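# Tertiary structure, described
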Amino acid sequence: MSNAAHRLLWTVVALLLTALGGTGLAVSLGRLPGADSPLLGAGPLRWWRAGTPWSALAVVVGGVLLALLGQRLLARELRAPGRLAGTLVHGGDGGGRTRVASGVLTGALERDLLREPGVRRARVLLTGPTGRPDFWVEVQLDPRAGTAAVRAHVDAAVRRFAATVGCRPAHLDVTARVDAEF
């Protein structure tokens, strides 16, 4: 289902539940005609009265179970696959805030690192506070790559990243692994 279909589904469910709750409230306050007759038929009313001490408890337990089920369903709907949990929040000049998912930021830095011909793979992890996060960078290098050129490229990429995002790394840990040559 698309996001629009999910929003429509939950809007319809919310409207139905609101209408049901409003109707129940109006009946309990005697605002609807015929409010003196029971809402339940004779059979369910007889069952309700027969289990008097336990029927209310059964309804409460059922309501709690339905609420927990609804919470799990809502949490599952809000979770998007492939999205990382971290978010960089940058307060601007007072006019608002910019929110960027950390997956977007780390992906951009990884692509920048891969522009160096000697880098085969790059992996970046940001942790810590937004203003001064820790950078964990791992690069896999071609055996023929010059380590000085790769080091200069990694340093320049991290500096560009920090200048673009507006945060300085509190800690920078770079691990370079050289692939075995066959």
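Residues numbered from 1 in each chain as written. Predicted model: local features only at pLDDT ≥ 70, side-chain atom pairs only at ≥ 80, totals over all residues. Heavy atoms only, no water.

## Remarks on the sheet that holds strand E5 (residues 171–178)
Strand order in the open sheet made by the three strands is E3-E4-E5, with mixed pairing throughout. Two strands close off the open sheet at either side, each with one partner strand: strand E3 (119–127) and E5. Here the average twist between neighbouring strands, direction ignored, is 10°. Two elements, E3 and strand E4 (residues 134–141), share eight bridges in a ladder whose sense is antiparallel. Residue pairing in the sheet places Val 119 in a bridge with Leu 141 of E4. Strands in contact with helix H4 (residues 102–113) are E3 and E4; relative to E3, the strand with the most contacts, it is inclined by about 150°. (Pairing = 2+ DSSP bridges. Helix = DSSP H or I, 4+ residues; strand = E, 2+ residues; numbered from the N terminus. Axes fitted to C-alpha atoms, helices over the stretch in contact; angles between N-to-C directions. Contact = heavy atoms within 4.5 Å.)

## Notes on H4
Given a rise of 1.5 Å per residue, twelve residues ought to cover 16 Å, and the 16 Å separating the end C-alpha atoms of H4 matches this to within 8%. If you check which residues of H4 are buried, you get Ser 102, Leu 105, Thr 106, Gly 107, Leu 109, Asp 112 and Leu 113. (Expected span 1.5 Å × (residues − 1). Buried < 20%, exposed > 50% of the residue type's maximum accessible area, 1.4 Å probe, protein only.)

## Brief notes about the environment of Arg 144
Looking at where Arg 144 falls in the secondary structure, it is placed in the loop between E4 and helix H5 (147–165). Considered as a pair, Arg 144 and Gly 118 are 26 residues apart in the sequence and their alpha carbons are 7.3 Å apart.

## Some thoughts on the confidence of the model for the protein
Summing up the model confidence of the protein, the mean pLDDT is 79 and the portion of residues at 70 or higher is 82%. Taking the mean pLDDT of every element in the protein, the minimum, 54, falls on strand E1 (residues 87–91) and the maximum, 88, on E4. (pLDDT = per-residue confidence, 0-100.)

## Side note on the packing of H4 against H5
The contact between H4 and H5 brings their axes to 9 Å, and the two run at 145°. Relative to H5, H4 is oriented so that their crossing is right-handed. Residues Leu 105, Leu 109, Asp 112 and Leu 113 of H4 pack against His 153, Val 154, Ala 157, Val 158, Arg 160, Phe 161 and Val 165 of H5. Across the contact of H4 with H5, the residue classes tally to eight nonpolar, one polar and two charged. (Left-handed = near helix turned anticlockwise from the far one by under 90°. Nonpolar A, V, L, I, M, F, W, Y, C, P; charged D, E, K, R; others polar.)

## Looking at the nonpolar core
By size, the foremost hydrophobic cluster in this structure holds 18 residues, and its most contacted members are Leu 109, Leu 113, Val 119, Val 139, Val 150 and Phe 161. Within the residue set of this core, elements represented by two or more residues are H4, E3, E4 and H5. The dominant element in this core, judged by the number of residues it contributes, is H5, at six residues. Ignoring anything within four residues of it in the chain, the contact list for Leu 109 reads Val 124, Phe 135, Ala 157, Val 158 and Phe 161. (Core = buried A, V, L, I, M, F, W, Y, C linked by side-chain atoms within 4.5 Å.)

## Brief notes about the packing of helix H2 (residues 42–50) against helix H3 (residues 52–78)
Running from amino to carboxyl end, H2 crosses H3 at an angle of 105°, the nearest separation of the two axes being 5 Å. It follows that H2 is roughly perpendicular to H3 by the angle criterion. In this structure, H2 uses Trp 48, Arg 49 and Ala 50 to contact H3, whose residues at the interface are Thr 52, Ser 55, Ala 56 and Val 59. For the contact of H2 with H3, a count of residues per class yields four nonpolar, two polar and one charged. (Parallel < 35°, antiparallel > 145°, perpendicular 65-115°, else oblique.)

## Observations regarding the packing of aromatic side chains
A full pass over the atoms with the stated rule returns one aromatic pair. Considering the side-chain rings of Phe 135 and Phe 161, the 5.4 Å spacing of their centres and the 80° angle between planes classify their relative orientation as edge-to-face. Placement of Phe 135 in strand E4 and of Phe 161 in helix H5 is noted, with a sequence separation of 26 residues between them. With relative accessibility at 8%, the residue Phe 161 sits in the buried group. (Phe/Tyr/Trp six-rings, centres within 6.5 Å; stacked < 30°, edge-to-face > 60°.)

## Thoughts on the side chain of Gln 140
Counting through the fold element by element, Gln 140 comes out in strand E4. Residue Gln 140 is classed as buried on the basis of its relative accessible area of 18%. At a separation of 2.5 Å, a polar atom in the side chain of Gln 140 contacts the side chain of Arg 121. Once residues lying within four places of it in the same chain are set aside, the contact partners of Gln 140 are Gly 118, Val 119, Arg 120, Arg 121, Arg 177 and Asp 179. (Polar contact = N/O pair within 3.5 Å; in protein donor to acceptor, adjacent residues only side chain to side chain.)

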